[in-house]
Amino acid sequence: MLHLIKHFRTITQHRHMVFKLCIKAGIPIRGLLHDMSKYSPTEFLEGARFYLGFKSPTEREREVYGYSKAWMHHKGRNRHHFEYWTDYNMNTKRLEPVKMPIKFVKEMFCDRVAAGRVYLGKDYTNDNPINYFLKGRAKSAMHPETAKLLESWLLLLQKEGEEAVFKKIRATKDY
């Protein structure tokens, strides 16, 4: 029961933080809609079962099952995840990344910053989001233009801070 409450608090704290950042990014509706699927039984119950508090419960779920049912559900319903943006290329007949619409890249940026703040707490710095991005597989798994844009915003956050990056994000229009 305690994990249900703690998981609820964590995902709600994350959603509230994403909403605040999405307002700064000029996409308040995306912030309101952000991660609503985490409250669905498929995601919420698994998240509570594998709750860790310091990182995503999907990581523990993968250790147990070899995959995460909650993540599979989540990535298929939330367009701010680059994994949502894959499709079959008509020429290569392979599943490949597709360039993400800007509003979802903006939401992805806000999601990454908020996740770092929630999971790292007082240890969070503006270095964390870019370091996490560079050490992970996301850069090589997403469309090159999407990766380049996200990386440029994460680097700007690291070097010049929040005010500068959100000014740049608000000024960025769709392709």
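Please refer to the structure higher up on the page.
The rules behind the values
Residues numbered from 1 in each chain as written. Predicted model: local features only at pLDDT ≥ 70, side-chain atom pairs only at ≥ 80, totals over all residues. Heavy atoms only, no water. Helix = DSSP H or I, 4+ residues; strand = E, 2+ residues; numbered from the N terminus. Buried < 20%, exposed > 50% of the residue type's maximum accessible area, 1.4 Å probe, protein only. Contact = heavy atoms within 4.5 Å. Lys, Arg positive; Asp, Glu negative; His and termini not counted. Charge placed at Lys NZ, Arg CZ, Asp CG, Glu CD. Expected span 1.5 Å × (residues − 1). 1 Å grid on protein atoms, 1.4 Å probe; cavity = no way out; pocket = protein on both sides within 12 Å on 5 of 7 lines; lining within 4 Å. Points joined across faces, edges and corners; volume = space filled by probe spheres on them. Nonpolar A, V, L, I, M, F, W, Y, C, P; charged D, E, K, R; others polar. Phe/Tyr/Trp six-rings, centres within 6.5 Å; stacked < 30°, edge-to-face > 60°. Polar contact = N/O pair within 3.5 Å; in protein donor to acceptor, adjacent residues only side chain to side chain.

1. Things to note about the overall build of the protein chain
- A tally of helices and strands in the protein chain yields ten helices and two strands.
- Along the chain direction, N to C, the helices and strands of the protein chain fall in the order α-α-α-α-α-β-β-α-α-α-α-α.
- Residues counted as buried form 43% of the 175 residues belonging to the protein chain.
- Excluding contacts between residues fewer than 6 apart, the proportion of contacts in the protein chain whose partners are at least 24 apart in sequence is 61%.
- The positive charge centre, built from 32 side chains, and the negative charge centre, built from 19, are 2 Å apart in the protein chain.

2. Concerning helix α6 (residues 102-120)
- Here α6 is 19 residues long and its end C-alpha atoms lie 27 Å apart, about the 27 Å a rise of 1.5 Å per residue gives.
- Along α6, 14 of the 19 residues are buried, which leaves the element largely enclosed by surrounding structure.

3. A closer look at the layout of surface pockets
- Size it by volume and the largest pocket reaches roughly 1,300 Å³.
- Forming the boundary of the largest pocket are 45 residues, of which Ser56, Thr58, Glu59, Ala115 and Tyr132 lie nearest the centre.
- For the lining of the largest pocket, the secondary structure elements donating two or more residues are α1 (2-25), α3 (41-49), α4 (57-65), α5 (69-75), α6 and α7 (128-135).
- At eight residues, α6 tops the list of elements feeding residues into the lining of the largest pocket.
- Within the lining of the largest pocket, the residues separate by chemical class into 17 nonpolar, 14 polar and 14 charged.

4. Description of empty space enclosed by the protein
- This structure, assessed with the given rule, holds one cavity of 30 Å³ or more.
- What the largest cavity holds in volume is close to 30 Å³.
- Every residue lining the largest cavity is listed: His7, Thr10, Tyr51, Leu52, Gly53, Lys55, Pro57 and Tyr119.
- Per-class residue counts for the lining of the largest cavity are four nonpolar, three polar and one charged.

5. Looking at the packing of aromatic side chains
- Tallied over the full model, the rule gives seven aromatic pairs.
- Ring centres of Phe50 and Tyr65 lie 5.8 Å apart, and the angle between their planes is 80°; on these two criteria the pair is classed as edge-to-face. In this pair, Phe50 is assigned in the loop between α3 and α4 and Tyr65 in helix α4, connecting sequence segments 15 residues apart.
- Owing to a relative accessible area of 7%, Phe50 belongs among the buried residues under this scheme.
- Each residue in the set Phe50, Tyr65 and Tyr67 is aromatic and connected to the rest through ring pairs, giving one cluster.

6. A short note on helix α9 (residues 144-160)
- Look at α9: 24 Å from first C-alpha to last across 17 residues, which is about the 24 Å you get at 1.5 Å a residue.
- Within α9, burial applies to Thr146, Ala147, Leu149, Leu150, Glu151, Trp153, Leu154, Leu156 and Leu157.
- Where α9 is buried, its residues contact α6, α7, α8 (138-141) and α10 (162-171).
- Within two residues after α9, Gly161 carries a phi angle of roughly 95°, on the positive side.

7. Side note on the side chain of Ser37
- With respect to the element layout, Ser37 can be found in the loop between α2 (28-33) and α3.
- Relative accessible area serves as the criterion here: at 12%, Ser37 is assigned to the buried category.
- At a separation of 3.2 Å, a polar atom in the side chain of Ser37 contacts the side chain of His74.
- Looking at Ser37, its side chain comes within polar contact range of the side chain of Asn78, at 2.8 Å.

Shape is all these values report; function is a separate question.
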